[in-house]
Amino acid sequence: MFQGRSGNLRGGALMAVAAILFAAEALAIRLMTARGIPVEVQVFARSLGQLVWVAPIIAASGLAVFRTQRPGLHLLRGSSSLLTWGFYYASFGPLDLATATVLSFTNVMFTTLLAGPVLGERVDRWRWAGTIVGFIGVAVMLRPGTTVSMPGVALAIASAVTWCGITLSSRVLAQQDRNTTIMAWVGLVTTAGSAPFAFMAWVPLGLVDVLILAAVAGFAPGIIWLITSAYRYGEASAIAPFQYLRLIVVAGFGWAIFNEVPDGWTWLGAAVILSGAVVVTVAEARRR
């Protein structure tokens, strides 16, 4: 394991790459939505990609990779992933790239609210402060008279809330099960859960549509691998904030490709939300 400054540099680099891939996924979502590919089909492709990523592990280990004492919690983890991806992907239709992205950062605040009653964790004053600041930022962004789509905001916030199910269930499962078991269950549950909806929403796809779907299915599961590897090499408090670089990349995509320029109040709210998210993230990292 890398230690000290070199480890933090490598971990930060991996986290930065993950942030860029997060931004690339957001861009692909917007492109797929603009091309008329249903969200259900997008999520199915993402889920199938997750299953393909763990297929070699399943081939090597057989059904033993699914062995667990907590199948119900794995179903919850997989269902939370499915709902999160569905809400997240759908939010990029009515919202601009930057707004949808910054609202997704509220997941760390909702996790703080639930960590105490669900996991019995002690939430310190810094995490509470960051959470309050973050929600103030949401209020600024959604001030009276705003032109931000409320249905889009509801989808983005719903994604942040269900993201808590991923975070909290993963904390419990990681104490007993291997990462390969968790990943295999996620791939199985999300693929099986999204397939019927994708079938009902299916539309004819062109070659470009298939290529975009295949690209997302191929690289999106690697984001979690990069984040996990980043934490393995570097100190959590040093590298965690690098994940927020994706807002800069996403905002650049929105401006350059779709001519999206959020107004000043939206940027102010985004800055406040981001500040709160960073405070919560660093406080959480140092707690660990």
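Residues numbered from 1 in each chain as written. Predicted model: local features only at pLDDT ≥ 70, side-chain atom pairs only at ≥ 80, totals over all residues. Heavy atoms only, no water.

(A) Up close: helix H4 (residues 97-104). For H4, a buried count of 8 out of 8 residues is recorded, marking the element as mostly surrounded by other parts of the structure. Among the residues making up H4, those that are buried are Leu97, Ala98, Thr99, Ala100, Thr101, Val102, Leu103 and Ser104. Sitting at the head of H4, Asp96 places a side-chain oxygen 3.1 Å from the backbone nitrogen of Ala98. (Buried < 20%, exposed > 50% of the residue type's maximum accessible area, 1.4 Å probe, protein only. Helix = DSSP H or I, 4+ residues; strand = E, 2+ residues; numbered from the N terminus. Polar contact = N/O pair within 3.5 Å; in protein donor to acceptor, adjacent residues only side chain to side chain.)

(B) Structural view of the side chain of Thr281. Checked against the element boundaries, Thr281 lands in helix H13 (residues 264-287). Side-chain polar atoms of Thr281 contact the side chain of Tyr244, separated by 2.5 Å. Those residues in contact with Thr281, other than ones at most four positions away along the chain, are Val108, Ala240, Gln243 and Tyr244. (Contact = heavy atoms within 4.5 Å.)

(C) View of a nonpolar patch on the surface. A surface patch of nonpolar side chains, about 330 Å² in accessible area, is lined by Leu113, Leu114, Val118 and Trp128. Residue contributions to the nonpolar patch peak at 3 residues, all from helix H5 (residues 107-119). Tracing the sequence through the fold places Trp128 in helix H6 (residues 125-141). Given a relative accessible area of 37%, Trp128 falls into the partly exposed group. (Patch = residues over 30% accessible without salt bridge, like charges linked within 9 Å, V, L, I, M, F, W, Y side chains within 5 Å. Areas by Shrake-Rupley, 256 points an atom, 1.4 Å probe, with all protein chains shown as cover. Salt bridge = Lys/Arg side-chain N within 4 Å of Asp/Glu carboxyl O.)

(D) The arrangement of unusual backbone geometry in detail. Residue Asn259 is not a glycine yet carries a positive backbone phi of 55 degrees. Within the secondary structure layout, Asn259 lies in the loop between helix H12 (246-258) and H13. Looking at Asn259, the relative accessible area reads 63%, which means it is exposed.

(E) Spotlight on the packing of helix H2 (residues 39-61) against helix H3 (residues 71-91). Taken N-terminus to C-terminus, the directions of H2 and H3 make an angle of 135 degrees; their axes are 9 Å apart at the nearest point. As the angle between them shows, H2 and H3 are arranged oblique. Between H2 and H3 lies a crossing of right-handed hand. In this structure, H2 contributes Val39, Gln42, Val43, Arg46, Ser47 and Gln50 to the contact, and H3 contributes Leu82, Trp85, Gly86, Tyr89 and Ala90. Considered class by class, the residues forming the contact of H2 with H3 number 6 nonpolar, 4 polar and 1 charged. (Axes fitted to C-alpha atoms, helices over the stretch in contact; angles between N-to-C directions. Parallel < 35°, antiparallel > 145°, perpendicular 65-115°, else oblique. Left-handed = near helix turned anticlockwise from the far one by under 90°. Nonpolar A, V, L, I, M, F, W, Y, C, P; charged D, E, K, R; others polar.)

(F) Representation of the pattern of salt bridges within the structure. Summed over the entire model, instances satisfying the criterion amount to 4 salt bridges. Asp209 is the salt-bridge partner of Arg35, the closest N and O atoms lying 2.5 Å from each other. Of this pair, Arg35 sits in the loop between helix H1 (4-34) and H2 while Asp209 is found in helix H9 (residues 207-219), placing the two residues 174 residues apart along the sequence. A salt bridge links Arg143 to Asp263, with the nearest nitrogen and oxygen atoms 3.0 Å apart. Here Asp263 lies in the loop between H12 and H13 and Arg143 lies in the loop between H6 and helix H7 (150-173), a separation of 120 residues in the sequence. Residue classification places Arg143 among the buried positions, given a relative accessible area of 17%. Judged by its relative accessible area of 31%, Asp263 is partly exposed.

(G) Focus on H7. The terminal C-alpha atoms of H7 lie 35 Å apart, and with 24 residues this matches the ideal 34 Å at 1.5 Å per residue to within 8%. With respect to burial, H7 is a largely interior element, 17 of its 24 residues being buried. (Expected span 1.5 Å × (residues − 1).)

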